[in-house]
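Report on the structure
Below, each chain spelled out in residue letters.
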Amino acid sequence: MALKKYIALTVAFLVAFFLDTAILPQWNLFHMVPFVMLALMLAAEQVFSIQTALVIGALGGLGEDLLCENMIGLTPALCLLSAVAYAKLPKDSDTKPLILGLYCAILALGVEMLRALASYVIGMRFSFWNAALYGALPRALLTGLWALGYMALFRPLLKRQVDAV
Amino acid sequence: MKKLWRNRPILIALLASALFLALAALTVGRRTASRAEDMFSSAVLPVQEAVSRTTERVTGFFTRVFFPSSLQQENERLTKLLAAYERRLILYDAMAQENARLSELLDYASSNSNFYFMTAPVSARNMNPYVDTITVRGGSRNGVAEQMAAVNAQGIVGRVIEVGATYAKIRTLQNDDMRISVMVERTRDEGMLGGLVLEDGQLVGLKLYYLPKDADLQVGDTIVTSGLGGIFPKGLYVGKVLYLTDEDNGEYDACVQSDVDFEHLEEVLIILGKEG
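Calculation rules
Residues numbered from 1 in each chain as written. Chains lettered and ligands numbered in written order. Predicted model: local features only at pLDDT ≥ 70, side-chain atom pairs only at ≥ 80, totals over all residues. Helix = DSSP H or I, 4+ residues; strand = E, 2+ residues; numbered from the N terminus. Buried ≥ 20, exposed ≤ 12 C-beta atoms within 10 Å, placed from the backbone. Contact = placed C-beta atoms within 7 Å. Pairing = 2+ DSSP bridges. Axes fitted to C-alpha atoms, helices over the stretch in contact; angles between N-to-C directions. Core = buried A, V, L, I, M, F, W, Y, C linked by C-beta atoms within 7 Å. pLDDT = per-residue confidence, 0-100.

With that out of the way, let us pick up the overall build of chain B. Of the regular secondary structure elements, chain B holds four helices and twelve strands. By residue count, 24% of the 276 residues in chain B fall in the buried class. For chain B, long-range pairs separated by at least 24 residues make up 55% of all intrachain contacts whose partners lie at least 6 apart in sequence.

What follows deals with the overall build of chain A. Summing up its helical and strand segments, chain A has six helices and zero strands in all. Looking at chain A as a whole, 44% of its 165 residues are labelled buried. Nonlocal contacts in chain A, meaning residues at least 24 apart in sequence, comprise 70% of its contacts between residues at least 6 apart.

Residues and elements named next belong to chain B. Positive phi, close to 70°, is recorded for Gln-147, a residue that is not glycine. Mapped onto the elements, Gln-147 comes out in the loop between β2 (133–137) and β3 (149–152). Residue classification places Gln-147 among the exposed positions, given that 12 C-beta atoms sit within 10 Å.

Residues and elements named next belong to chain B. In spatial order, the strands read β1-β2-β5-β4-β3-β12; together these six strands close into a barrel with antiparallel pairing. For this sheet, the mean angle separating the axes of adjacent strands, direction not counted, is 45°. With four bridges connecting them, β3 and strand β4 (residues 155–163) associate as antiparallel partners. If you follow Ala-149 over to β4, its bridge partner there is Arg-159. Sitting on the sheet, helix α4 (residues 68–111) touches β1 (115–125), β3 and β12 (267–274), and the angle it makes with β12 is about 20°.

Glancing now at the interface of chain B and chain A. Counting residues at the interface gives 24 residues for chain B, matched by 24 residues for chain A. Of the residues forming the side of chain B that touches chain A, the biggest block, eleven residues, is contributed by helix α2 (residues 9–27) of chain B.

Moving on: the pairing of strand β7 (residues 190–199) of chain B. Side-chain positions along a regular strand alternate between the two faces of the sheet. Residues and elements named next belong to chain B. As paired strands, strand β6 (residues 180–184) and β7 are joined by four bridges and run antiparallel to one another. Note on β7: the bridge partner recorded for Met-183 is Glu-190. Two successive antiparallel strands, β6 and β7, enclose a turn made up of five residues, where Arg-188 displays a positive phi of approximately 65°. Two elements, β7 and strand β8 (residues 202–209), share six bridges in a ladder whose sense is antiparallel. The partner of Leu-193 across the bridge, within β8, is Leu-208. Adjacent in sequence and paired antiparallel, β7 and β8 are bridged by two residues, among which Asp-200 carries a positive phi angle near 55°.

Below, the discussion takes up the sheet that holds β7(B). Strand-to-strand pairing in sheets goes through backbone hydrogen bonds, with the strands running parallel or antiparallel. Ordered by their spatial adjacency, six strands build a closed barrel running β6-β7-β8-β11-β10-β9 (chain B), and the pairing between neighbours is antiparallel. This sheet shows a mean twist of 45° between the axes of neighbouring strands, independent of strand direction.

Before going further, it helps to examine the nonpolar core. One finds A:Ala39, A:Leu40, A:Met41, A:Leu42, A:Ala43, A:Leu80 and A:Ala83 to be the most contacted residues of the largest nonpolar core, which totals 57 residues. Sorting the residues of this core by element identifies α1 (2–23), α2 (36–47), α3 (50–68), α4 (74–88), α5 (97–121) and α6 (128–164) of chain A together with α2 of chain B as the ones contributing at least two each. A total of ten residues in this core trace back to one element, the largest contributor, which is α2(A). Every residue in contact with A:Leu80, bar those within four places of it in the chain, is listed here: A:Leu54, A:Gly57, A:Ala58, B:Ala13, B:Ala16, B:Ser17 and B:Phe20.

Moving on, we come to the confidence of the model for chain B. For residues with low pLDDT, the predicted coordinates do not support detailed interpretation. Residues and elements named next belong to chain B. On average, chain B scores 83 in pLDDT, and the residues at 70 or more come to 94%. For chain B, the element scoring lowest by mean pLDDT is helix α3 (residues 35–66), at 75; strand β9 (residues 222–225) scores highest, at 92. Interface confidence for the predicted complex, expressed as ipTM, amounts to 0.86; the pTM equals 0.53.

Residues and elements named next belong to chain B. Pairing of β9 with strand β10 (residues 237–244) involves three bridges; the strand directions are antiparallel. Along β10, the bridge assignment pairs Thr-222 with Lys-240. Both β10 and strand β11 (residues 254–257) contribute to a ladder of four bridges, which runs antiparallel. Looking across to β11, one finds that Val-241 is bridged to Val-256.

Once that is clear, we can look at the environment of B:Leu265. Looking at the element boundaries, B:Leu265 is found in the loop between β11 and β12. Once residues lying within four places of it in the same chain are set aside, the contact partners of B:Leu265 are B:Val122, B:Ile134 and B:Val157.

Here's what the structure looks like:
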């Protein structure tokens, strides 16, 4: 059963990687694209374990940075920090999916704003208000929704794993 | 380490985050890729490109299906743009051709610098298939007078037969009643050129006659104006001997072919006078 989980996660990881770096940037309706790798990581943390999430966040973030960013290490750092933050949020097995989605969206907003702050620090100049309202907020909401989708997708895997145990 | 990973993942995550942030701080503003980056990008980019191309196709398909109006607008815009460029291209081609023709005329005028020339664009021609008369822009106001010679880079075109204030009519060599006093450039034998040689209704050349009986005329000989008659200055190129006729033919001695393309004349030079 664990093998199926790893296969599913590997496929999801590769899909998220190419969605983030190749597919969604071309298909961005009104520049609103979710951060799929973050959504995958948070969903994996919710459904499987924080360790799984950390591996996904570190590898995925680093891979995306190596391809697309000029500050290599920023994305995995932000992913790992959001994984830690997600672990500290109050939740249990009965927490409603909407709340989980909201958590993910808030963390994604945090990641986006920190990314914007980092860009500002290295010399980029833009309006934070515009970045938050038209860039980070829609992206964060979409990421939250996407994470909910992943959770719904992974839950049966976990159930089968638990049943098998 | 395994125990730490299992029991204190948050601590490991924070440490790893700190390391990644340090790495980010180190890599800000770099311009050259490290060896690891280079290897990773080299391995992933081909797949990345394939995915991108596939996405482009899929996106293009959905754009065509769901946003046909925008595609139609784009199509209309590009069609208009293409039409505008085609018009420009036609204009450019016409200018290039005109430039080539005028350069030839200029060369001709330069090589005959003892004459005063006027360049006259052809503005009309009669509907006779053998184009016996053309009308050019430029008349008495420009110093054009009747009986002046018209030439171009390929040779004699004809003579002015009518002059208005701003136009002139030129009877070309292809008119059956045109006569020019000419000579064979090589032997200096003089003769008369005029009248059309037709074969099966097709114009072949012009008749050359009144040559001396002992004239050593050969196929390919160059015929130039002799200067007699006062209309055409001496030494202007007329054409080349195409073939000789039988000695006892009596009608004409040879057929001379002019190099001038009378059916596509666009500019001519009118000889206004001679220096001195």
